[in-house]
Amino acid sequence: MTRAELFRESEFASGSVGDIFRLIRSGAASSRSALARHIGMAPSTISLRIDSLIRLGLVSEAGDEQSRGGRRARSLEVSTGAGFVGAMDVGAHHVQVGIADLGGRMLAVEDVPVAIEDGPALAAEALWAALRGLIAANELDEAQLLGVAIGLPAPIEYPSGRVVLPSFMPSWHNADLPGLFSEFTSVPVLVENDANLIALAEQTMGGQSSDQLLAIKLGTRIGCGIVSDGRLHRGAGGAAGEISHTSVQGTSTISCVCGTPNCLESVASGGAIVARLSQLGYDVQTAADVVELGRGGDAQVVDILRSAGTSIGGVLASIVNFFNPRDVILGGAMSASAPLVAAIRAELFQRCLPLVGNDLDVRAARSPGDAGVRGAAHLILEEVLAPARIEQLVRELDDTTPA
Ligand SMILES: [Zn+2]
């Protein structure tokens, strides 16, 4: 996909049909009168634009909503039958595939066996087959698939989606998943860093969402997603948040492509802890195995987890002091380890400035089991339902409708 084809960050006019759909989708306004108040436009103009959205099948008007004057206003909602999106979260040992409706509700999420070590071409084939299987199992029509987003534990060049020097999957360097998927489908396919997807999922899950947050993915590797002023911050080329190659105290147990001696990832990631415990004779393969072993309370294991947590907390303290987030969200398999998380919190709060630490909330992801696919669904919905794309659909509809 080229830069010109990306819609999600494009500008839109207030009160345009795309903007109206955005407000309905976000829940900011859910009736014709509420939209007219929110935008400050004549109700008749708003109504014409809503009619276009209804004719496109994107919005339905249902039920009765109690309006302020006691009059009944019909409520507007995103049509669930207008299509759906695919969402994938690819980890070193764990792949999840999901589908979501246009309102962002996950319709199905499934763990699938995809061997990423076989390289991107075979993995893309397996991921596409898994998504088609899930679509069929849920009795959905594949023709209504509007787009797909895929999370990967690697730096992702933005906006091309190209994978850059993934430390755990050397054969994936330069992988072009959107290009590989174009063999199977013509819908937009986006690729995003997995920690960025956790950040998006947390920011959009409602409740006490924060507009200033860091999401730390503690899996086989370590990643960080940044939301600043309510927007995902990718940096100039997509590498923002690559905290894992900072040099730390301690000794690396795995090799890393970054070239920094004793980088955080090679000392304290789930993969590094697996390697250290294996050297000591423990039977562990994955980050989840390490968490389980830590639960047993083995003193040596707990010690290794604490020391990894101290390293991670130290690196986090620097970036927290620099960025001053409201929330630090911990996700990924290793975030289920109590000794690791306790050590991260202790080191972080001890080393961050009072002005930064006073309002800081360090917590687990709200939906750790599927945060990656939720974030992926959000990302692709923002793209396929971007106001500029909706405007285009309405123009096409007007061109084909007799006056
Ligand atoms: Zn490194």
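In this numbering scheme, every chain counts its residues from 1 along its sequence in written order. In keeping with the model being predicted, local features are shown solely for residues with a pLDDT of at least 70 and side-chain atom pairs are shown and tallied solely at 80 or more, while totals for entire chains, interfaces and linings include all residues. Only heavy atoms go into the side-chain values, all of them from the structure, while hydrogens and water stay out.

## Comments concerning the overall build of the chain
- Helix and strand counts for the chain stand at 14 helices and 12 strands.
- Just to be clear, the radius of gyration here is over C-alpha atoms, and the globule rule we use is 2.2 Å times residues to the power 0.38. Taken over C-alpha atoms, the radius of gyration comes to 23 Å for the chain, in line with the 22 Å a tight globule of 403 residues would show.
- Based on the C-alpha atoms only, the size of the chain along its principal axes is roughly 75 × 50 × 35 Å.
- Relative accessibility under 20% of the residue-type maximum defines a buried residue, over 50% an exposed one, and the middle range a partly exposed one, all with a 1.4 Å probe and only protein chains included. Taken over 403 residues, the chain has a buried fraction of 51%.
- Any two residues whose heavy atoms approach within 4.5 Å are treated as being in contact. Taking contacts inside the chain between residues at least 6 apart in sequence as the whole, the part at least 24 apart equals 64%. Here a strand is any run of E in DSSP of at least two residues, a helix any run of H or I of at least four, and the numbering for each starts at the N terminus.

## Digging into the layout of surface pockets
- The volume enclosed by the second largest pocket comes to roughly 550 Å³.
- Using a grid of 1 Å spacing that covers the protein atoms alone, one calls a set of points a cavity when a 1.4 Å probe fits there but cannot get out, and a pocket when the set is open and has protein on both sides within 12 Å along at least five of seven lines; lining residues are those with an atom within 4 Å of a point. Contributing to the lining of the second largest pocket are 29 residues, with His94, Lys217, Gly219, Gly332 and Ala333 lying nearest its centre.
- The set of elements that each furnish at least two residues to the lining of the second largest pocket consists of helix H6 (194-204), helix H9 (287-295) and helix H13 (371-384).
- Here the nonpolar group is Ala, Val, Leu, Ile, Met, Phe, Trp, Tyr, Cys and Pro; Asp, Glu, Lys and Arg are the charged ones; every other residue, Gly included, is treated as polar. Of the residues in the lining of the second largest pocket, the class split is 12 nonpolar, 12 polar and five charged.
- Residues from two domains meet in the lining of the second largest pocket; each of domain 2 (83-198 + 371-384) and domain 3 (208-364) gives at least three. Grid points are joined across faces, edges and corners, and a volume is the space filled by probe spheres set on the points. Residue ranges for the domains trace back to a domain assignment, done automatically or taken from a database.

## Focus: the packing of helix H2 (residues 32-39) against helix H3 (residues 43-55)
- Helix axes are fitted to C-alpha atoms over the stretch in contact, other axes to C-alpha atoms as well, and angles between N-to-C directions run from 0 to 180 degrees. Two elements in contact, H2 and H3, have axes whose closest approach is 9 Å; the angle formed by their N-to-C orientations is 120°. The orientation of H2 relative to H3 falls into the category oblique. Here the hand of the crossing between H2 and H3 comes out right-handed. Along the contact surface, H2 presents Arg32, Leu35, Ala36 and Ile39, while H3 presents Pro43, Ile46, Ser47, Ile50, Asp51 and Ile54. Roughly parallel means an angle under 35 degrees; roughly antiparallel, over 145; roughly perpendicular, 65 to 115; everything else is oblique. Each crossing gets its hand from how the near helix is turned against the far one by less than a right angle, where anticlockwise is left-handed and clockwise is right-handed.

## So, the coordination of the zinc ion
- Coordination sphere of the zinc ion, protein contribution only: His245 (ND1), Cys256 (SG), Cys258 (SG) and Cys263 (SG), at 2.1 to 2.3 Å.
- In this listing, donors mean N, O and S atoms no farther than 2.8 Å from the metal, or 3.2 Å for Na, K and Ca; water is missing from the atoms, so a site can look incomplete. Note on geometry labels: four donors, all angles 85 to 135 degrees, give tetrahedral; four donors become square planar and six octahedral when opposite donors are over 155 degrees apart and every other angle is between 65 and 115; remaining cases are irregular. In this structure, the zinc ion is surrounded by four donor atoms whose angles at the metal cover 101 to 114°, and the resulting shape is tetrahedral.
- Between consecutive donor residues of the zinc ion, the sequence gaps follow H-x10-C-x1-C-x4-C. Separated by 18 residues along the polypeptide, His245 in the loop between strand E10 (231-232) and helix H7 (264-268) and Cys263 in the loop between E10 and H7 bring together distant segments of the chain.
- Owing to a relative accessible area of 0%, Cys263 belongs among the buried residues under this scheme.

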